[in-house]
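# Survey of secondary and tertiary structure
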Amino acid sequence: AGIPIVASDLPELRYYVKTFRLGALCDPTSPKDMARAARAILDGSIPRPSAEDLDHLRRQLGWEQERHKLRAAYPEIGRERASHADRPYHHRPG
């Protein structure tokens, strides 16, 4: 949508926010830091992602890419389920 986000400063999120200029990072345990990140977006010091950034993100993570991963995963899941089909299921109360 092109709207900047406030994201927790975690390695995976940091990669996407920084690489694609998606918004501001913050310490998720600090309300003051979350407010700082939100202010930075609202006052314009964090620019909105460019159309080029968003297009690059869509090409890397969009459905066109993800569907290939899912197609590869489903046969593997089917093989795992089939290999366990002959085993009886025993529910053990926890």
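The structure contained in this document is the topic of the report that follows.

What counts and how
- Residues numbered from 1 in each chain as written.
- Predicted model: local features only at pLDDT ≥ 70, side-chain atom pairs only at ≥ 80, totals over all residues.
- Heavy atoms only, no water.
- Helix = DSSP H or I, 4+ residues; strand = E, 2+ residues; numbered from the N terminus.
- Buried < 20%, exposed > 50% of the residue type's maximum accessible area, 1.4 Å probe, protein only.
- Contact = heavy atoms within 4.5 Å.
- Areas by Shrake-Rupley, 256 points an atom, 1.4 Å probe, with all protein chains shown as cover.
- Core = buried A, V, L, I, M, F, W, Y, C linked by side-chain atoms within 4.5 Å.
- Expected span 1.5 Å × (residues − 1).
- Arc of directions from axis to C-beta.
- Salt bridge = Lys/Arg side-chain N within 4 Å of Asp/Glu carboxyl O.
- Phe/Tyr/Trp six-rings, centres within 6.5 Å; stacked < 30°, edge-to-face > 60°.

Counting its regular elements, the protein contains 4 helices and 2 strands. Within the protein, buried positions represent 21% of all 94 residues. In the protein, the share of contacts with a sequence separation of at least 24, taken over all contacts with a separation of at least 6, comes to 39%. When the accessible surface of the protein is summed, it comes to about 7500 Å², and 58% of that surface belongs to carbon and sulfur atoms.

Turning our eyes to something else, we now look at the nonpolar core. Of all hydrophobic cores here, the largest spans 8 residues; its members are Ala-7, Tyr-16, Val-17, Phe-20, Leu-22, Leu-25, Leu-54 and Leu-57. Apart from the residues within four sequence positions on either side, Val-17 is in contact with Ile-5, Ala-7, Leu-22, Gly-23, Ala-24 and Leu-25.

Before going further, it helps to examine helix H2 (residues 31–42). For H2, which comprises 12 residues, the first-to-last C-alpha distance of 16 Å matches the rise-based estimate of 16 Å (1.5 Å per residue) to within 8%. Among all positions of H2, only Ala-37, Ala-40 and Ile-41 are buried. All buried residues of H2 project into a common sector of 100 degrees when viewed along the axis, lining one side. In H2, the exposed residues that point more than 90 degrees away from the buried face are Pro-31, Lys-32, Arg-39 and Leu-42. Looking one or two places after H2, you find Gly-44, whose phi comes out positive at around 85 degrees.

This part takes up the pattern of salt bridges. All told, the structure shown has 4 salt bridges when counted by the stated rule. For Asp-55, the salt bridge identified is with Arg-59, shortest N-O distance 2.3 Å. One end of the pair, Asp-55, and the other, Arg-59, are both in helix H3 (residues 51–61), 4 residues apart, so they sit about a helical turn from each other. Overall, the relative accessible area of 36% leaves Asp-55 in the partly exposed class. Look at Arg-59 and you get partly exposed, because its relative accessible area is 47%.

With that settled, the discussion passes to the packing of aromatic side chains. Enumeration according to the criterion identifies 3 aromatic pairs in this entry. With a centroid separation of 6.5 Å and 90 degrees between ring planes, the pair formed by Tyr-15 and Phe-20 is classed as edge-to-face. For Phe-20, a relative accessible area of 0% puts it in the buried group. Ring plane angle 10 degrees and centroid distance 6.1 Å describe the contact between Tyr-16 and Phe-20, whose orientation is recorded as stacked. The same class applies to Tyr-16 as to Phe-20, namely buried. Through a chain of ring-to-ring contacts, the aromatic side chains of Tyr-15, Tyr-16 and Phe-20 assemble into a single cluster.

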